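# Topology and contacts: notes
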Amino acid sequence: MQNNLSDKPQAGRFGEYGGQYVPETLMHEIEKLTEAYNHYKNDPLFKDELTDLLHKYANRPSLLYHAQRMSEDLGGAQIYFKREDLNHTGSHKINNVLGQILLAKKMHKTRVIAETGAGQHGVATATVAALMGLECEIFMGQVDTERQALNVYRMRLLGAKVHSVTTGTGTLKDAVNAAMQEWASRTEDTHYVIGSVMGPHPFPTMVRDFQACISAEIKKQIITETGHLPDAVVACVGGGSNAIGAFYHFIEDKHVRLIGCEAAGKGIDTTQHAATLERGTTSIFHGMKSIFLQNDDGQINQVYSISAGLDYPGIGPEHAALAAANRAEYVGITDDEAVAAFEYIAREEGIIAAIESCHAVAYVKKLAPQMRTDQIIVCNLSGRGDKDVAAIARYQGEEIND
Amino acid sequence: MTNISDAFKNKKAFIGFTVACDPDFEKSVDYVKTLAAAGTDLVEIGVPFSDPIADGPVIQEAGLRAFKSGVSTKRVFEMVAKIREESSVPLVLLVYLNNVFKYGYAKFFATCQDLKIGGVIIPDLPVEERAEVAVFAKNSGCSLIPLVAPTSGTRIKKIVTDADGFVYAVSSLGVTGARNKIATNLQKMITDIKQFTDTPVAVGFGIHSPEQAAQISQVADGVIVGSAIVKIIAQEGRHADKKLTDYVHAMKTALT
């Protein structure tokens, strides 16, 4: 369907996806945010300030590590891990949070709110709010507060107030609903730090820009180390922020395969999964037109994953567009495969990686043996797995007191 | 064409909201008829959505009751067909965009036209995204009721310039639900709106008492009450007819 708007593509659209589908109550603030972002993204002082924080506070650039034992064991491609797990706060989330909270400060906000699934984005937001002296409230699904109890306490320790959201399934989707409602009631002094490449424009673009440092660094590091570009870049996808960060600067390099790993939960032929691009359809929700898991009536499905960070029924609009254009591939990884990868990378490489990231590691285990030894896979290790140790022990039938 | 204008003819309109299939299909058909018979000038029927981000707890819970009774967009239209056997009360639907999108814009609005549904309120469709829906609404003579928020400011012009049906002025920030105090300067907001349109302006969000209704009708063409009505149904279940009638009478009295 074509409407009679102007010829130029609308801002915030990725093909047919994206847009700004939010209540009018929020639109004035979203206009202000768009304007502020468009200004500051080109402001040399803002850029210097952000780079300085990324380097001196968040520990960027993150390492690119050649996983030789794993490469040898799998007997195919050379595997490199982009170590976002070594960032301050333990995941890639800090990249976006530093950018958004610095922007919020420029907009004279005194309070930030955020949703969180696994708690990594909540911890990053609470951390930077503490650093910059802002009030901070985090919305987290009640189920997630239980499976990520350590992160809840971490956020409180950092001075944030954590709201346990009991509506719906008590997971990430419901945390987003609650945070959006809170924002709609109080925009004057409050910025909503959306944690992924989702929501209304400008968020998908802005969050992608703040995460794109991941692929900018990978490109430089891999060329320095090996002299050429990788053959494949692999990352896990929930909303899709670490994946878009790892993909972005390779989109133009058509021969680099971009592979997003979705949560297939107990299998995509069951109802217990969050495999959006494999099983979803076009939908309008959480401020954007994108792909969601929904029923025939347009009600959003209740989804499932062992990983709180991937337990989301949708995906950012740029991923939907990359999938539609066949520029990126999206594959499902089950709970069992992710847990096996969690244990595998710990034993092979001495790295305890987040269960989210282990969805990508699981796919690398399948992909590497099919490739030649002179080929390269870069896998984004989006976060560290300390938060998951107790839950994985339980999954394997061991009770430990964390 | 729309009969929404009948609701505002020579009077201050009382607009009542109820959630489709709350507490069940048959009773919610009855309740729309009860509201109309008691003098409600326009009834707004809510189509439940799994994730109603503009709604407060009272309406969210009504949605959950409706899902238990098997509500779907198709069921809502069947409900309206049933209502239309006996009543010509002006009706609008309150529906989140994804339900309309998934049903198919063309089919959705054609059905609205068949059932004489005068307008549709879509809380998550700001003016920026109206174009993809507007053409279908226009072709079926269905008003796309615009919402103006206390924060709309300079946006008001583009929101209301082409409005028809009525303009929904949102009294307060945040979600639906009763409030004891409305802080927004409604008089200024409505004066701003009326600079750009002759379409009637009704105020909603937070209104529950006859006193509030009387006060707001000094400056607005109508008042919209949602959560207060839904609360009566939540408390009385299948036996809410009398309380609904009494409530509408009290509100109507306050508006005259």
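The shown structure was predicted, so the numbers you read here are calculated from the model rather than taken from an experiment. (Residues numbered from 1 in each chain as written. Chains lettered and ligands numbered in written order. Predicted model: local features only at pLDDT ≥ 70, side-chain atom pairs only at ≥ 80, totals over all residues.)

## Remarks on helix α14 (residues 335-349) of chain A
Residues and elements named next belong to chain A. Rules: Comment: elements are numbered from the N terminus, with helices defined as DSSP H or I runs of at least four residues and strands as E runs of at least two. For a helix, the expected span equals 1.5 Å multiplied by the number of residues minus one. Here exposure depends only on C-beta density: within 10 Å of a residue's C-beta, 20 or more other C-beta atoms make it buried, 12 or fewer make it exposed, and intermediate numbers make it partly exposed, the C-beta atoms being placed from the backbone. This arc describes the spread of directions from the helix axis toward the C-beta atoms.
The end-to-end C-alpha distance of α14, which contains 15 residues, comes to 21 Å, matching closely the 21 Å that a straight helix rising 1.5 Å per residue would cover. The set of residues buried in α14 consists of Asp335, Ala338, Val339, Ala341, Phe342 and Ile345. Viewed end-on, α14 has its buried residues packed into an arc of 160°, placing them on one side of the element.

## Focus on the interface of chain B and chain A
Condition: Whether two residues are in contact depends on their C-beta atoms, placed from the backbone: they are in contact if these lie within 7 Å. Here the nonpolar group is Ala, Val, Leu, Ile, Met, Phe, Trp, Tyr, Cys and Pro; Asp, Glu, Lys and Arg are the charged ones; every other residue, Gly included, is treated as polar.
Each partner contributes to the interface: chain B provides 34 residues, whereas chain A provides 30 residues. Elements supplying a minimum of two residues to the side of chain B that touches chain A: α5 (97-103), α7 (131-139) and β6 (147-148) of chain B. Here the side of chain B that touches chain A takes 6 residues from α5(B), the largest share from any one element. Across the side of chain B that touches chain A, the residue classes tally to 17 nonpolar, 10 polar and 7 charged.

## Description of the UniProt feature "active site" (unreviewed entry) in chain B
Residues and elements named next belong to chain B. Rules: UniProt positions are given in the numbering used here, feature names are shortened, and annotations may be inferred rather than shown by experiment.
Under the present numbering, the feature "active site" (unreviewed entry) in UniProt falls on Glu44 and Asp55. Mapped onto the elements of the fold, glutamate 44 is located in strand β2 (residues 42-46). Contacts of glutamate 44, omitting those with residues within four sequence positions, involve Ile15, Phe17, Val92, Leu94, Ile121 and Ile224. Within the element layout of this structure, aspartate 55 appears in the loop between β2 and α3 (57-68). Filtering out sequence-adjacent residues up to four positions away, aspartate 55 remains in contact with Gln60, Val175 and Thr176.

## Details of the sheet that holds strand β8 (residues 201-204) of chain B
Residues and elements named next belong to chain B. Rule in force here: DSSP-based pairing: two strands are paired if at least 2 bridges between them are found. Inter-axis angles, ranging from 0 to 180 degrees, are taken between N-to-C directions of lines fitted to C-alpha atoms, where helices are fitted over the stretch in contact.
Taken in spatial order, the 9 strands of this open sheet run β5-β4-β3-β2-β1-β9-β8-β7-β6, and their pairing is parallel. Two strands lie at the open edges of the sheet, namely β5 (143-144) and β6, each paired on one side alone. Examined bridge by bridge, strand β7 (residues 167-170) and β8 share 4 bridges and lie parallel to one another. The residue of β8 that forms the bridge with valine 170 is glycine 204. In the packing of helix α2 (residues 25-37) onto the sheet, contacts are made with β1 (13-19) and β2, and the angle to β1 comes to roughly 170°. Along the sheet, helix α11 (residues 227-236) contacts β1 and β9 (222-225); its crossing angle with β1, the most-contacted strand, is approximately 45°.

## A word on unusual backbone geometry
The amide bond that connects A:Arg60 to the next residue, A:Pro61, takes the cis arrangement and shows omega of -10°. With respect to the helices, strands and loops of the structure, A:Pro61 is situated in the loop between α2 (44-56) and β3 (64-66). One non-glycine residue, B:Cys21, lies in positive phi territory at about 65°. Relative to the helices and strands, B:Cys21 resides in the loop between β1 and α2.

## A closer look at the sheet that holds strand β7 (residues 161-165) of chain A
Residue and element names in this part refer to chain A. Here 4 strands make up an open sheet; going across it, the order is β7-β6-β5-β8 and the pairing parallel. Unpaired on one side and paired on the other, β7 and β8 (190-192) mark the two borders of the sheet. Strand-to-strand, the axes of this sheet are offset by a mean angle of 20°, without reference to chain direction. With 6 bridges connecting them, strand β5 (residues 111-116) and strand β6 (residues 135-141) associate as parallel partners. Bridge pairing links alanine 114 to isoleucine 138 in β6.

## Comments concerning the UniProt feature "domain: Tryptophan synthase beta chain-like PALP" (unreviewed entry) in chain A
Taking the UniProt record as the reference, the feature "domain: Tryptophan synthase beta chain-like PALP" (unreviewed entry) is found at residues 59-383 of chain A. From the first C-alpha to the last, residues 59-383 of chain A spans 14 Å; its make-up is 41% helix and 21% strand.

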